[in-house]
Amino acid sequence: MSLSAGLGGGGPSAHSDILTANPDNPSSQRALLEEIKRRGRACVMAKAYPDADALYSKSIEVVSAMLDEVCIISEEEVAAAKKDIAIFYSNRSLVRLEMGKAAEARDDAVIAAKADPTYVKAHY
């Protein structure tokens with residue numbers, strides 16, 4: 001079932017548990033991000049791009065919140081979060097390109113490349 005079905009097309013999203021989650025500590029944030037990675041990858045493989053877009057957007061929201069709480073998380077977690085933000089923006093860029101949203105895809109790619117210039121996938 002796609003997210004679009006849950007947005008007025010006939011039922012709840014298969015990902016509503018993830019999209020409405022509000023993790024309140026680093027370990028639950030990391031667990032949520034791992035689940036988003038798994039589901040996002042599956043959505044891309046199934047060409048369920050609107051679902052993947054929503055999932056990667058949620059991951060960006062979670063990682064951004066982690067970085068806003070920089071005084072709470074360790075230096076290692078900050079470094080991992082910065083790498084994650086580049087990956088999630090890059091993944092969302094791919095999804096948006098596949099959805100025909102070229103300008104948004106480019107914007108995400110630029111953010112990904114700036115977040116981690118060593119992340120090669122952000123550059124193509």
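In the block above lies the structure referred to throughout.
Analysis parameters
Residues numbered from 1 in each chain as written. Predicted model: local features only at pLDDT ≥ 70, side-chain atom pairs only at ≥ 80, totals over all residues. Heavy atoms only, no water. Phe/Tyr/Trp six-rings, centres within 6.5 Å; stacked < 30°, edge-to-face > 60°. Helix = DSSP H or I, 4+ residues; strand = E, 2+ residues; numbered from the N terminus. Buried < 20%, exposed > 50% of the residue type's maximum accessible area, 1.4 Å probe, protein only. Contact = heavy atoms within 4.5 Å. Axes fitted to C-alpha atoms, helices over the stretch in contact; angles between N-to-C directions. Parallel < 35°, antiparallel > 145°, perpendicular 65-115°, else oblique. Left-handed = near helix turned anticlockwise from the far one by under 90°. Nonpolar A, V, L, I, M, F, W, Y, C, P; charged D, E, K, R; others polar. Core = buried A, V, L, I, M, F, W, Y, C linked by side-chain atoms within 4.5 Å. Salt bridge = Lys/Arg side-chain N within 4 Å of Asp/Glu carboxyl O.

Let us now look at the packing of aromatic side chains. Tallying each qualifying case throughout the model produces 1 aromatic pair. Aromatic pair Y56 and F88: ring centres 6.2 Å apart, planes at 40°, arrangement tilted. In this pair, Y56 sits in helix α4 (residues 49-68) while F88 sits in helix α5 (residues 75-98), placing the two residues 32 residues apart along the sequence. The pair Y56 / F88 is uniform in exposure class, with both members buried.

As for its position among the elements, P23 is in the loop between α2 (16-19) and α3 (26-45). For P23, the contacting residues outside a window of four places in its chain are S28, Q29, L32 and V62.

Mapping D107 onto the fold places it in helix α6 (residues 102-115). Using a relative accessible area of 43% as the deciding quantity, one classes D107 as partly exposed.

The next point concerns the side chain of S59. Mapped onto the elements of the fold, S59 is located in helix α4. Residue S59 is classed as buried on the basis of its relative accessible area of 0%.

Contact pair α3 / α4: the axes reach a minimum separation of 9 Å and the direction vectors enclose 160°. Of the possible angle classes, the one that applies to α3 and α4 is roughly antiparallel. Our pair here, α3 against α4, has a crossing hand that is left-handed. Here Q29, R30, L32, L33, I36, R39, G40, R41, C43 and V44 of α3 come into contact with α4, specifically with Y49, D51, A52, L55, Y56, K58, S59, V62, V63 and M66. Classifying every residue of the contact of α3 with α4 gives 12 nonpolar, 3 polar and 5 charged.

If you look at the biggest cluster of nonpolar residues, it comprises 20 residues, and the most contacted ones within it are L32, L33, V63 and F88. Among the secondary structure elements, those contributing two or more residues to this core are α3, α4 and α5. When neighbours within four sequence positions are excluded, L32 is seen to be in contact with I18, A21, P23, K58 and V62.

What follows deals with the pattern of salt bridges. The tally for this structure, following the rule as stated, stands at 12 salt bridges. For E61, the salt bridge is made with K58, and the minimal N-O distance between the two is 3.3 Å. Pair noted here: E61 and K58 are both in helix α4, with a separation of 3 residues, about one helical turn. Look at E61 and you get partly exposed, because its relative accessible area is 46%. Residue classification places K58 among the buried residues on the basis of a relative accessible area of 5%. Each member of the salt-bridge network shares a partner with another, and the members are D53, R92, R96, E104 and D108.

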